[in-house]
Amino acid sequence: MKSKLLLLLAALCLNMALSAQPLRVIVFGAHPDDCDLNVAGTAALFAQMGHKVKFVSITNGDKGHHTMQPEALAARRKTEMQKVASILGIEYDNLDNHDGELMPTIENRKKIIKLICDWKADVVITNRTNDYHPDHRNAGVLVQDAAYMISVPLMIPDGEPLLKAPVFLYMPDRFKKPAPFHADIVVDITPVVEKKIDVISAHESQVFEWLPWNGGYADKVPPATDAAARRKFSADQFLSRGSVERFREAALQWYTPEQLNNARYLEAFEICEYGKMPDKDLILKLFPMLPR
């Protein structure tokens, strides 16, 4: 009798697991590498757990190069985006606005609203609105301006409104005025950091060409024939933004000191007041990779 009861409970648990709806996360970046540099590790963890993630680049990145022309560069960057999608096991969209010209227009707002509603998002992540790049600022404005309008049926005449408000989050930056980034949610991405390095390295036009030229360190870039050196270069240049030291205090809300001793890289997010304001229990449901 006891064994039958255990089998019944096991079957019930399995059915509950199978029937559970996957979480749906959508990330908006201004450019084709913005989501990747800030959220790739967390996205990899979501995807590995069977949840659905979509990255959206609101511009096509067609100005981010010193030798390529816009049309060819936009095509190349779309190819890089799809390589990232394959690495992470996610979807990746591009809205084809011109790089450096993104504006918070009604047309763009409607596109963002529809994407969030069609995705039936539980979590929405984007840039903050105080940032050095106008595209970053305007990407944040567009997503913020969509936060309430996703529930207004007449704003989505060819789709369904999203009456269950998602949690809206910001990606980190280092700007202090008018307010510094505040890490509310911190995720240990150490188990998938190699995948994040692969993602960063997939943006060859930026990581190995444009950014080094623009930043004055092009002479430090390893040759294309040395794949291992280039991966190390990617890690050295970009993983420091998620160092444990930077987010240690905030991470202690979610991890024990012992767990943090084994962590090497983190990703952090700030809660936007325009969406659902989550308590700790809801955050743990929405970020199931966090320890209980």
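Above: the structure in question.
Because the structure is predicted, anything quoted here is derived from the model rather than measured. (Residues numbered from 1 in each chain as written. Predicted model: local features only at pLDDT ≥ 70, side-chain atom pairs only at ≥ 80, totals over all residues. Heavy atoms only, no water.)

A.B. asks: Give a description of the overall build of the chain that names residues and reports values.
C.D. replies: Counting secondary structure elements, the chain contains eleven helices and seven strands. Here the C-alpha atoms of the chain give a radius of gyration of 20 Å, agreeing with the 19 Å that 2.2 N^0.38 yields for 292 residues. With the C-alpha coordinates of the chain rotated into their principal frame, the extents come out at 75 × 50 × 35 Å. Of all 292 residues assigned to the chain, the portion counted as buried reaches 51%. For the chain, the proportion of contacts with a sequence separation of at least 24, taken over those separated by at least 6, is 77%. Between the mean site of the 35 positive side-chain charges and the mean site of the 37 negative ones, the chain shows a separation of 5 Å. (Helix = DSSP H or I, 4+ residues; strand = E, 2+ residues; numbered from the N terminus. Rg over C-alpha atoms; globule rule 2.2 N^0.38 Å. Buried < 20%, exposed > 50% of the residue type's maximum accessible area, 1.4 Å probe, protein only. Contact = heavy atoms within 4.5 Å. Lys, Arg positive; Asp, Glu negative; His and termini not counted. Charge placed at Lys NZ, Arg CZ, Asp CG, Glu CD.)

A.B. asks: I'd like a description of the environment of Arg 246, backed by residues and values.
C.D. replies: One can find Arg 246 in helix α9 (residues 244–251). Residue Arg 246 is classed as partly exposed on the basis of its relative accessible area of 25%. Here the alpha-carbon distance between Arg 246 and Lys 276, two residues 30 residues apart in the chain, equals 27 Å. When sequence neighbours within four positions are dropped, the list of residues in contact with Arg 246 reads Pro 172, Asp 173, Arg 174 and Arg 241.

A.B. asks: Hey, could you go over the pairing of strand β4 (residues 123–126) for me, with residue numbers and the actual values?
C.D. replies: Within a regular strand, side chains alternate between the sheet's two faces. By the alternation rule, side chains of β4 split into Val 123 and Ile 125 and Val 124 and Thr 126, which are all buried. As judged from the three bridges shared by strand β1 (residues 24–29) and β4, these two strands associate in the parallel manner. Within β4, the position partnered with Ile 26 by the bridge is Val 124. Bridge count between β4 and strand β5 (residues 167–170): four bridges; the pairing is parallel. Opposite Ile 125, over in β5, you have Leu 169 as the bridge partner. Handedness of the β4-helix α5 (residues 134–149)-β5 crossover: right-handed. (Pairing = 2+ DSSP bridges. Right-handed = clockwise from strand over helix to strand, strands pointing away.)

A.B. asks: Would you mind going over the state of the cysteines in detail, with residue names and values included?
C.D. replies: Here a disulfide denotes one covalent bond, and it connects the sulfur atoms of two cysteines. One pass over the full model with this rule turns up zero disulfides. Here Cys 117 stays free of any disulfide, with the sulfur of Cys 272 as its closest cysteine sulfur at 16 Å. On the accessibility criterion, Cys 117 (3% relative accessible area) is buried. Take Cys 272: its relative accessible area is 3%, and that puts it in the buried class. (Disulfide = S-S within 2.5 Å.)

A.B. asks: Talk me through the pattern of salt bridges; I want residue IDs and the actual numbers.
C.D. replies: Counting across every chain of the model gives 19 salt bridges. Asp 173 serves as the salt-bridge partner of Arg 128, at 2.8 Å between the closest nitrogen and oxygen. Of this pair, Arg 128 sits in the loop between β4 and α5 while Asp 173 sits in the loop between β5 and β6 (185–188), and the two are 45 residues apart along the sequence. On the accessibility criterion, Arg 128 (4% relative accessible area) is buried. A salt bridge links Arg 231 to Glu 194; the shortest N-O distance between them is 3.2 Å. Placement of the pair is Arg 231 in helix α8 (residues 227–238) and Glu 194 in helix α6 (residues 193–202), with a sequence separation of 37 residues. According to the relative accessible area criterion, Arg 231 is partly exposed, its value standing at 27%. With relative accessibility at 44%, the residue Glu 194 sits in the partly exposed group. Overlapping salt bridges, with partners in common, bring together Lys 54, Glu 91 and Asp 93 in one network. (Salt bridge = Lys/Arg side-chain N within 4 Å of Asp/Glu carboxyl O.)

A.B. asks: Explain the packing of aromatic side chains to me, using residue names and the numbers behind them.
C.D. replies: Inspection of every chain in the model, using the stated rule, returns eight aromatic pairs. A centroid spacing of 6.1 Å and a plane angle of 40 degrees characterise the contact between Phe 208 and Phe 233, whose relative ring orientation is tilted. Of this pair, Phe 208 sits in helix α7 (residues 204–215) while Phe 233 sits in helix α8, and the two are 25 residues apart along the sequence. In textbook terms, an aromatic cluster arises when at least three aromatic residues are bridged by ring pairs, as seen for Phe 46, Phe 269 and Phe 287. The ring of Trp 119 carries the charged tip of Arg 24 above its face, separated from the ring centre by 4.2 Å. One residue, Arg 230, lies across the ring of Phe 208, its end atom 3.9 Å from the ring centre. (Phe/Tyr/Trp six-rings, centres within 6.5 Å; stacked < 30°, edge-to-face > 60°. Lys NZ or Arg CZ within 6 Å of the ring centre and 35° of its normal.)

A.B. asks: Before we move on, can you summarise the nonpolar core with the specific residues and values?
C.D. replies: Grouped together as the largest cluster of nonpolar side chains are 51 residues, with contacts concentrated most on Phe 55, Val 187 and Phe 287. If you tally residues by element for this core, the top one is helix α2 (residues 34–48), at eight residues. Val 187 has contacts with Thr 42, Leu 45, Tyr 255, Tyr 265, Leu 266, Glu 267, Phe 269, Phe 287, Met 289 and Leu 290, leaving out every residue within four places of it along the chain. Formed by 27 residues, the second largest nonpolar core is a distinct cluster that contains Ile 26, Leu 102, Leu 142 and Ile 156. (Core = buried A, V, L, I, M, F, W, Y, C linked by side-chain atoms within 4.5 Å.)

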